[in-house]
Amino acid sequence: MNKTQKIESMMEVVRIVVGLVIAYAIALAILFAISEDPLYIVQQFVLGPFSSPRRIGTIINLAIPFTICGLSMCFMYAVNKFNLVGEGIFMLSACMVTWVSLLLAPMNLPSVVMIPIMLIVAMLTGIAVSFIPAIMDRKFNANVVVVSLMLNSVIQSLATWILRYQMRDSSIAYLGSMETPESIQLPKILGSFRIQAGLIIAIICVVIVAILFYKTAFGWKMRLVGANPRFATAVGLSAVSISFIAQLAGGAFAGIAGATEMMSNYTRFQWTTTTQH
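Residues numbered from 1 in each chain as written. Predicted model: local features only at pLDDT ≥ 70, side-chain atom pairs only at ≥ 80, totals over all residues. Heavy atoms only, no water.

**Things to note about the overall build of the protein**
How we decide: The helix and strand labels rest on DSSP assignments: H or I over at least four residues marks a helix, E over at least two residues marks a strand, and numbering proceeds from the N terminus. Partly exposed describes any residue whose relative accessible area lies between the buried limit of under 20% and the exposed limit of over 50%, with all areas from a 1.4 Å probe on protein chains only and scaled to the type maximum. Note on contacts: a residue pair is in contact if any heavy atoms of the two residues lie within 4.5 Å. Using the Shrake-Rupley algorithm and a 1.4 Å probe, accessible areas are obtained, with residue cover drawn only from the displayed protein chains. For the purpose of counting charges, residues Lys and Arg are taken to be positive, whereas Asp and Glu are taken to be negative. His and the chain ends are not included. Charged groups are reduced to one reference atom each: NZ for lysine, CZ for arginine, CG for aspartic acid, CD for glutamic acid.
Tallying secondary structure elements over the protein gives 10 helices and two strands in all. Residues classed as buried in the protein amount to 41% of the 277 residues present. Counting only contacts in the protein whose residues sit at least 6 apart along the sequence, the fraction spanning at least 24 positions is 73%. Total accessible area on the protein is roughly 15300 Å²; 68% of this is exposed by carbon and sulfur atoms. Side chains of the protein give 17 positive and 10 negative charges; the mean places of these two sets differ by 13 Å.

Now the structure itself:
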């Protein structure tokens, strides 16, 4: 890394830190202004999340699906395609993981087999769904933002239909699937912190994406296409194909995020709306 790249990297970190500090300061100012006991409220806001191992674990658990979803969007943004279908993929992948696990439950497969199968199912779901806005953008020059947002509504209805008519548990009073097999449920780790084992999946995903982006030819091609598609085409790269593949890869990671959330926190699929991930 040369001197210019080091300065650019440092400035990027500074921008992020300054943005976080400003947002945090605004939140504290609002709390201080509207609270009857501002000192107590501010203390809870600043120190409360770190007051016990369980609360620290909760923060980390909440960050896991957002981290993997963020990795998904890295692929979209790298090629300047604002494909927003990740929200729908997150929901549908969780639904498909539940459905397939229920179909495989009679086989009594061990966790070491079931969990990889579920992740593969989630990735294939993400690839299949992200293919729709990607191919419409490629073949018909459709607006990928509009297509992906509309597709999210369709996916929500599809997942609800699968839940209601294919795997609903009629023995419970609310709308929910039958219980998933224990073999796909990820355990808690780190004792009293009760952090999801999905943290391990998230870390592996971060490492894979970092290597892919900065240590492989395809990562360089994605970043070049995103920075200057005309130049990329001029040097012999297929900007359209690279953008297309990047969107499919992003969809795969969004699927992993949905599967990880489902296997970590739920024993039944019961989402009837998207989760805003």
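**Points about helix 6 (residues 144-166)**
Keep this limit in mind: Here, expected helix span is obtained from the residue count minus one, scaled by 1.5 Å. Two N or O atoms form a polar contact when they lie within 3.5 Å of each other; inside protein one atom must be a possible hydrogen donor and the other a possible acceptor, and for residues adjacent in sequence the pair counts only when both atoms belong to side chains.
Compared with the 33 Å implied by 1.5 Å per residue over 23 residues, the 31 Å span of helix 6 between its first and last C-alpha is a close match. Among all positions in helix 6, only Val-144, Val-147, Ser-148, Leu-151, Asn-152, Ile-155, Ala-159, Thr-160, Ile-162 and Leu-163 are buried. The elements touched by buried residues of helix 6 are helix 4 (86-104), helix 5 (111-140) and helix 10 (239-265). Here helix 6 starts with a cap whose side-chain oxygen sits 2.9 Å from the backbone nitrogen of Val-145, and that cap is Asn-143.

**Points about the packing of helix 4 against helix 6**
The line we're drawing: Lines are fitted to the C-alpha atoms to define the axes, a helix being fitted only along its stretch in contact, and any angle between axes, read from their N-to-C directions, falls within 0 to 180 degrees. Each angle gets one of four labels, with under 35 degrees taken as roughly parallel, over 145 as roughly antiparallel, 65 to 115 as roughly perpendicular, and the rest as oblique. Left-handed describes a crossing in which the near helix is turned anticlockwise from the far one by less than a right angle; the clockwise case is right-handed. Amino acids outside the nonpolar list (Ala, Val, Leu, Ile, Met, Phe, Trp, Tyr, Cys, Pro) and the charged list (Asp, Glu, Lys, Arg) are all regarded as polar, and Gly is one of them.
For the pair helix 4 and helix 6, the least separation of the axes is 8 Å and the interaxial angle reads 20°. When the axis of helix 4 is compared with that of helix 6, the two are roughly parallel. In the packing of helix 4 onto helix 6, the handedness of the crossing is left-handed. In this structure, helix 4 uses Glu-87, Gly-88, Ile-89, Met-91, Leu-92, Cys-95, Met-96 and Trp-99 to contact helix 6, whose residues at the interface are Asn-152, Ile-155, Gln-156, Leu-158, Ala-159, Thr-160, Ile-162 and Gln-166. Here the contact of helix 4 with helix 6 is built from residues that sort into 10 nonpolar, five polar and one charged.

**Points about the side chain of Thr-125**
With respect to the secondary-structure elements, Thr-125 resides in helix 5. Residue Thr-125 is classed as buried on the basis of its relative accessible area of 9%.

**As for the nonpolar core**
Condition: Residues grouped as a nonpolar core are buried Ala, Val, Leu, Ile, Met, Phe, Trp, Tyr and Cys residues, joined through side-chain atoms within 4.5 Å.
Membership of the largest hydrophobic core comes to 59 residues, with the highest contact counts inside it found for Ile-68, Met-118, Met-263 and Phe-269. Leaving out residues up to four positions away in the same chain, Phe-269 has contacts with Met-91, Ala-94, Cys-95, Thr-98, Ala-159, Leu-163, Met-167, Gly-176, Ser-177 and Met-262.

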